[in-house]
Each structure stands twice: as structure tokens, then as C-alpha cells.
Amino acid sequence: MLRWTIAVLLAANGLYFAWTQGHLAAIGFPPTSEPREPQRLTQQIAPEHVRLLNGPRGAEPPTTPAPAPAPESAIPAHPAVAAAPASVEAPPLTAPAAPTATPTAAAPAAANEPRACWQASGFSPEQAELLRAELRLLGLGGNDWQLTETRSPGRWIVYMGRYESAEQAARKKAELRAMGVEFRDVNTNGLAPGIALGTFSSEEAAREGLQLAERRNVRTARVVQERAEGLSYSLRLPAIGETTRARIEALGPAMAGRSLQRCN
């Protein structure tokens, strides 16, 4: 029984396939409709203008050559009743152009104003680093300014003091004058009031000076460092105008309270 059922199904499927393909039309059983319907292709209107809205980005419909312009005699008398084109493609949207910045009047004025050399000195390494950054933010080039490093050596003295009062220091000065020893006042914080019998650029030289003072019967002197070795920076602006000078002096902490002076 199962074999007969399978045979009937196979025969029915074969007949259905032959009928849909039009093989039974010769015996009076044509298909109800043509699956491919080739006649619809001849009924299409301007298929080249069809564009998929959800198609891949950048896909453009095929271009067709523009029709030749009609002669003047073919132009209708009333253009308003002329047939509209099948489709009009809108131009692509573009971002509005950024407004062009117009130069201000201050720039030509700064370029035409007279220039001069200005300078300031005594900046610490930290102050010089801040000043360097601020000058770059002002737009000054490397040739518009220079920061020069200056190293000051340490200073040692043959020292007498520290005295409790100015009267005590005056009595010691009178004794030194009587002995023919030259001296000077010391006003450095922590050492004043005091007396220096000599100033030297190194500790070794100061100890030699102390030995000379002891040979002249000076007994209470010693070697001390009056000033430590220092590092400072000087700013030089070879040729700037008044506008630039005012902007630099208005930098505040970067100038550390200093003002520009004319170059020597």
C-alpha cells in the first residue's frame, strides 16, 4: 500500500511540474498565468531613473545622455504648460562655509608701529620656565625673544661678628683702623651687624686671607659664605612694538613683578 501511495505522489508532482512549465498546453491544459511575464518588461516607464532608497551608500543610478536641445521652432508658446521631467534629483546638501575671519585693525597697527629693544633680568629658573611658556602663548617666535642664563659664583668673606649692637661694632672698627686693617660693613641677613676683612670668590682663597689677617694680630675673624652660588635668567626682546611690550608686561606672575627696561 505504501508503494502505491509514493508512486501516486510522484506521478502527481510530475504532472504538476509539467503543467506549470507549459508542457501540457498542447493537449489543452495551459498554465493559468505566465510566471515570468515578459510582457511586463515592455510596459516599464524610464526604469533607469529608479533608485533604491535603502540601497548601499554611494550607489548612483546609471546616467543617461542628456537629450539634444530642441530647435527654437519646437519650443512651445506657453512654457508654463510644458511637461515636467520624469524625476528631479535634489542637489546634495553641503555644510555652510565657515565665515572667514576678517583681520582686525590692531594687527596692521602693531606691524607698522616703531620697534625697540627691551629687557628684564633677575628671573629664577622657575620664573623663567613660566615666562617661556607665556611668551609662546602670545605667538612670539624664537627670534623675537631670548632668555639668557647667568650664573653668579658664591662669595666668601673673612668675617668678624655678629655684634650685639652698633656701638660694639664701632669699637671693633676703631681697633682695626689703629692696626691698619681694611674692612667693610656686612649687611647680609644673619650676619649684620658685622665686618668683612676681605671678599673672595672661593673658600680656599678666603682661608688664605684669614691667615694674612691672623699675621696682623686679628684673632676673632673666621671664614663664612656671604652669598651662595646663584642661577638667574635675563629676558631680551630685540625688536618689539609698544603693543607687544604692553602685552608682555601684563603677564602678571610670569614677569614676577618686573617691568621691561630699554636695552643698554
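Please read these numbers as outputs of a predicted model, since none were measured by experiment. (Residues numbered from 1 in each chain as written. Predicted model: local features only at pLDDT ≥ 70, side-chain atom pairs only at ≥ 80, totals over all residues. Heavy atoms only, no water.)

1. Quick look at the sheet that holds strand β4 (residues 184-186)
Point 1. Strand order in the open sheet formed by four strands is β4-β5-β3-β6, and the pairing between neighbours is antiparallel. Looking at strand neighbours, the two that pair on one side only are β4 and β6 (222-227), the edges of this open sheet. The mean inter-strand angle of the sheet, taken between neighbouring strand axes irrespective of direction, is 50°.
Point 2. Sheet topology note: the β4/strand β5 (residues 194-200) ladder contains three bridges and is antiparallel. What sits directly across from R184, in β5, is A196.
Point 3. Strand contacts of helix α4 (residues 166-179): β3 (155-161), β4 and β5, with the helix running at about 50° to β5, the strand carrying the most contacts. (Pairing = 2+ DSSP bridges. Helix = DSSP H or I, 4+ residues; strand = E, 2+ residues; numbered from the N terminus. Axes fitted to C-alpha atoms, helices over the stretch in contact; angles between N-to-C directions. Contact = heavy atoms within 4.5 Å.)

2. Looking at the environment of Q146
Point 1. Summarising the element assignment, Q146 is placed in strand β2 (residues 146-152).
Point 2. Taking the C-alpha atoms as reference, Q146 lies 9.2 Å from R132; in sequence the two are 14 residues apart.
Point 3. Residues contacting Q146, with those up to four places away along its chain left out, are S234, L235, R236 and P238.

3. Some words on the confidence of the model for the protein chain
Point 1. The predicted model of the protein chain has a mean per-residue pLDDT of 80, with 73% of residues at 70 or higher.
Point 2. Taken as a whole, residues 72-88 scores under 50 in pLDDT and shows two contacts with residues more than four places along the chain or in a different chain.
Point 3. Here residues 98-109 is a poorly scored stretch, pLDDT under 50, and it has zero contacts once near neighbours within four places are set aside; other chains count. (pLDDT = per-residue confidence, 0-100.)

4. A look at the state of the cysteines
Point 1. The final tally for this structure, using the stated rule, is one disulfide.
Point 2. The disulfide partner of C117 is C263, and the S-S distance across this bridge is 1.9 Å. Between C117 and C263 the sulfur-sulfur dihedral comes to about -70°; the bridge is accordingly left-handed. One end of the pair, C117, is in strand β1 (residues 116-123); the other, C263, is in the segment after β8 (261-262), and 146 residues separate them in sequence. (Disulfide = S-S within 2.5 Å.)

5. Let's talk about the packing of aromatic side chains
Point 1. Tallied over the entire structure, the rule returns zero aromatic pairs.
Point 2. For R245, the ring lying beneath its charged end belongs to W118, and the centroid distance is 4.9 Å.
Point 3. Across the ring face of F123, the terminal group of R258 is positioned such that the distance to the ring centre comes to 4.9 Å. (Phe/Tyr/Trp six-rings, centres within 6.5 Å; stacked < 30°, edge-to-face > 60°. Lys NZ or Arg CZ within 6 Å of the ring centre and 35° of its normal.)

6. Brief notes about the pairing of β3
Side chains on a regular strand alternate between the two faces of the sheet.
Point 1. Of all the seven residues making up β3, five are buried; the element is thus mostly covered by neighbouring parts of the structure.
Point 2. In the sheet, β3 pairs with β6 via five bridges, with the strands oriented antiparallel. Residue pairing for β6: W156 is matched across the bridge by Q225.
Point 3. Strand direction decides the pairing type here: β3 and β5, joined by six bridges, are antiparallel. Bridge pairing in β5 links Y159 to A196. (Buried < 20%, exposed > 50% of the residue type's maximum accessible area, 1.4 Å probe, protein only.)

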